[in-house]
Amino acid sequence: MFNENLSKDIKALAYEKSIDAEKVYEALEDALSTAARKYYKTREPLETVLDRASGAMKISVIKEIVEDENQIEDPQAQWTLAQAHKIDPEAEVGGRLKLDYITKEVVDVVKDPHTQIRTFEAQKIDKEVEQGDEVKIPLTKPPDELGRIAAQSAKQVLYQKVREAEREKVFNEFKDKVGELENGYVKRFERGDMIIDLNGKTEGIIPRSQQSRAERYSQGDRIKAVVIDVHTQPKGPQVVLSRTDSRLLIKLFEMEVPEIYDGTVLIKGAVREPGERAKIAVTSRERDVDPVGACVGMKGSRVQSIIRELRGEKIDIIPWHDDIVVYAQNSLAPAKITRVSVTSDEMAHRPHLDVIVDNDQLSLAIGKRGLNVRLAAELIGAKIDIKSEEEVKGEVADALTAMLQEAMAESRAATGVREIENLPVEWADKLEAAGYDDLDSVVNASAEDLMAIEGIDEEMASQIFEIARKHEQIEEAPAAPISEDDEVYEEEAEEELEAEEVTQASDEAQEEAKVE
């Protein structure tokens, strides 16, 4: 029996570790069972029960009851129903039988101390046993007589069980707080990670990967962070916090903006480049409430408070819109967008936006190191390509040039070699016989190619090229379109001509009058 202060000691330990006292009792019972197995050198499953009031200890062997020997997998832990009926006639298959003794085989030479005992030692317990018999060893030793090794083993098991109970308590407390904001103090630093004291009894960790490069903290500084994970691993703090997660920005806005907290203003999305820039999209459930103005606050008081908390991180508050074109234009603020075209990206399963901006807005839309367009694309969930007006005009010009060249090539291919103007017939025959049967093949050939044809020398090849190019130029020269300026010029010329004719007629009339 333990001393009478056992119950008080267990309650004190439970209070110190902030765990249930019953968990400590269970841990102590497991530890005593481990110590007893060490002392009695047995593999039979032992169960220890502590009286919660008196502290009395009772150790029992647990046997699982199976129907017959064919179902026995572990002889140390299982008995057949026939064996169990010898002890308890009411025993049933699937039940558990508690014994107050362990059983070992009596032998002269012990090969397995967990199942065998020497004859002279067995006879100390039961004088009538002989070699080959089974002796029942009663489990009556008090805890303080189980030995030093058993006591150390019990201490280790007790510590482990209490530690597991602590971690289970922390896990149950924080598992539903993932995504929530927690306040704490910087307790210490370990290899770049920050250890945070959350409530005086629980430690959290902010890994280096979850720390903003723009922030510097010292031991004892107060800190706000969002919970991103809670695990049950045996080493290290269980609560993982972050200062770079986008949920931190959302929670800070919920704290500062009452309209977000009460649900009038909704946050539709938030993205961050920690320490540099962030974008948050908001909308309102009520027409009378401006979502952007509510987040900015009077003279920017609300958003400035969040910027200070994030150590100067710039924040773009964007009005959300269900039209992706309008949403994209808002997301790329402060740049002014000329137009947006939407195409589908089947491979990525997301929209693809081609955004056109003026030349002076291109750098503003892209942002420093592409930050503005990258955050906007992440916010709206689309791929964004930004181009200037000059680039688009260049692409259109290149496309027109390619189309024109293709049309010219088709036209040359449609012109037979015999249709080339001023090309002698005998030359045309030679070219056609060599496979140069149209204008396109002749124009694209080299002088060496033509000189390889029998009967064509260098001078003749040069003349063929000249004739072919002249024919091509004649075909390419379309009738010049009459522009508006040309029309105005022609009208003015006609008016001047009419005026000259009128003047000439007037002069002739005056001369005739003088003659008369």
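Here the structure is a predicted model, which is why all the values come from computation and not from measurement.

Reading guide: rules and limits
- Residues numbered from 1 in each chain as written.
- Predicted model: local features only at pLDDT ≥ 70, side-chain atom pairs only at ≥ 80, totals over all residues.
- Heavy atoms only, no water.
- Pairing = 2+ DSSP bridges.
- Helix = DSSP H or I, 4+ residues; strand = E, 2+ residues; numbered from the N terminus.
- Axes fitted to C-alpha atoms, helices over the stretch in contact; angles between N-to-C directions.
- Buried < 20%, exposed > 50% of the residue type's maximum accessible area, 1.4 Å probe, protein only.

Read across the sheet, three strands follow the order S6-S5-S7 without closing on themselves; strand pairing throughout is mixed. Each end of this open sheet is capped by a strand with a single partner; those strands are strand S6 (116-118) and strand S7 (134-138). Direction aside, neighbouring strands of the sheet carry axes that sit 50° apart on average. The pairing of strand S5 (residues 101-107) with S6 spans three bridges and is classified as parallel. Note that in S6 the partner of Val107 across the bridge is Arg118.

Attention now moves to the pairing of strand S18 (residues 383-388). By the alternation rule, side chains of S18 split into Ile384, Ile386 and Ser388, which are all buried, and Lys383, Asp385 and Lys387, of which none is buried. Strand direction decides the pairing type here: strand S17 (residues 350-357) and S18, joined by six bridges, are parallel. Bridging across to S18, Leu353 finds its partner in Ile384.

Along the chain, the position of Arg469 falls in helix H17 (residues 458-476). A C-alpha to C-alpha distance of 7.1 Å links Arg469 and Val443, two positions 26 residues apart in sequence.

This part covers the sheet that holds strand S14 (residues 277-284). Read across the open sheet, the three strands follow the order S13-S14-S15; overall the sheet is mixed. Since the sheet does not close on itself, it has two edges, and those belong to strand S13 (265-273) and strand S15 (314-319), each with one partner. Across the sheet, the axes of successive neighbouring strands diverge by a mean angle of 20°, strand direction being ignored. Note that S14 and S15 share six bridges and pair parallel.

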